[in-house]
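Structure assessment
The primary structure of each chain is shown beneath.
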Amino acid sequence: MDKKELWLRLKNYHFDNLVAPNLLEKITQAFGGVDASTKAFADKIARKHGGSKAFALKAVLEYKKFVFLGVISDFQVTPSKFIDIVWHEHILFTNGYRDFCESVIEYKFEHHPELINLPEETGRFNAQYLSTLELYINEFGKLPPTAIWDITKFDKEKILDKLNAAKQKKATTDSYYSPNNSGYVPLYESFNASETSGDSFPEFGGFDGGSAEGGGASGSWDDASDSGGDSSGDGGSSCSSSCGGGGD
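Conventions adopted
- Residues numbered from 1 in each chain as written.
- Predicted model: local features only at pLDDT ≥ 70, side-chain atom pairs only at ≥ 80, totals over all residues.
- Heavy atoms only, no water.
- Buried < 20%, exposed > 50% of the residue type's maximum accessible area, 1.4 Å probe, protein only.
- Helix = DSSP H or I, 4+ residues; strand = E, 2+ residues; numbered from the N terminus.
- Arc of directions from axis to C-beta.
- Polar contact = N/O pair within 3.5 Å; in protein donor to acceptor, adjacent residues only side chain to side chain.
- Core = buried A, V, L, I, M, F, W, Y, C linked by side-chain atoms within 4.5 Å.
- Contact = heavy atoms within 4.5 Å.
- Phe/Tyr/Trp six-rings, centres within 6.5 Å; stacked < 30°, edge-to-face > 60°.
- pLDDT = per-residue confidence, 0-100.
- Salt bridge = Lys/Arg side-chain N within 4 Å of Asp/Glu carboxyl O.

1. A look at helix α1 (residues 3-11)
When we look at burial in α1, the residues that qualify are Leu6, Trp7 and Leu10. The buried residues of α1 occupy one face: seen down the axis, they fall within an arc of 95 degrees. For α1, the N-terminal cap is aspartate 2; the gap from its side-chain oxygen to the backbone nitrogen of lysine 4 is 3.3 Å.

2. Notes on unusual backbone geometry
The phi torsion at phenylalanine 15 lies on the positive side, around 65 degrees, for a residue other than glycine. Residue position: phenylalanine 15 is located in the loop between α1 and α2 (24-31). The backbone phi angle of glutamate 106 is positive, close to 50 degrees, even though this residue is not glycine. Mapped onto the elements of the fold, glutamate 106 is located in the loop between α6 (94-104) and β1 (112-113).

3. Side note on the nonpolar core
Soluble globular proteins tend to bury their nonpolar side chains together. With 52 residues, the main nonpolar core has Tyr63, Phe100, Ile105 and Phe109 as its most contacted residues. Secondary-structure elements contributing two or more residues to this core are α1, α3 (36-49), α4 (53-72), α5 (81-92), α6, α7 (119-140), α8 (146-149) and α9 (156-173). It is α4 that provides the largest number of residues to this core, a total of 10 residues. Setting aside chain neighbours within four positions, we find tyrosine 63 in contact with Phe15, Ile83, Val86, Trp87, His90, Tyr97 and Phe100.

4. Description of the packing of aromatic side chains
Here the structure, examined in full by the defined rule, presents 17 aromatic pairs. Judged by centre distance (5.4 Å) and plane angle (65 degrees), the ring pair of tyrosine 136 and tryptophan 149 falls under edge-to-face. Taken together, the residues tyrosine 136 in helix α7 and tryptophan 149 in helix α8 connect sequence positions 13 residues apart. Under the relative-accessibility criterion, tyrosine 136 is labelled buried at 0%. Ring pairing ties together the aromatic residues Trp7, Phe66, Phe68, Trp87, Tyr107, Phe109, Tyr129, Tyr136, Phe140 and Trp149, which thus form one cluster.

5. Quick word on the confidence of the model for the protein
For the protein, per-residue confidence averages 77 on the pLDDT scale, and 72% of positions sit at 70 or higher. Here residues 198-202 scores under 50 on pLDDT; set against residues more than four positions off or in separate chains, the count is 15 contacts. In this model, residues 206-218 is a region of pLDDT below 50 whose contacts with residues beyond four sequence positions or in other chains number 36 contacts.

6. Concerning the pattern of salt bridges
What the rule picks out here adds up to 10 salt bridges. The shortest N-O distance in the salt bridge between glutamate 62 and lysine 65 comes to 3.2 Å. In this pair, glutamate 62 and lysine 65 are both assigned in helix α4, three residues apart and thus about one turn of the helix distant. Its relative accessible area of 0% is what places lysine 65 among the buried residues. Within this structure, Glu5, Arg9 and Glu106 form a network of salt bridges that share partners.

Structure (structure tokens):
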């Protein structure tokens, strides 16, 4: 499938397959409105890891973007600490996650934790993380929200340099994107301006039309709020393949 179809599938995925059929009505009553299963999933994450439900919802949204990048990339993408937490929680719903991979993204999106923490492996994951940030900026035409994406065990200075370079490019050229070849078309160019801004298409700008360029996602999970150094809490293990080293 092409990028636009993949993204629309992710946009319309509401985690309903995580809910047992006999509980669906109760979930809808408890969380109300549209997207009740997504709200229930975010609520579970917030209760388990601390922090607000609003922040958990934003992290779930960014997780969808991470999955998109993992499917389209030609390298091994790497998540931040918070994205990795959401991924872990999704995988715990074994049948639902398998169905998600088979039916929604049609891709075997595997999580391969590193067995031991080696400096050379951390360096490799650091490079992958920077490449993931660059791909995010290129595909979505926005900077990733720092509250969710800059909490990792990787080199903080290099991460900030990457984001600051993108900001400077945007200020001078009105574009984050530097094409590697003439045939490359980023995802955001598949939608017109009205579809990629405001409430009509919040996935590119955050829930309720909020900005994704830093301020749109605030807050943290209590056990992962350290923004510097190794934020994994136990010396930090890494993940590889379509995972990364951002979390446990």
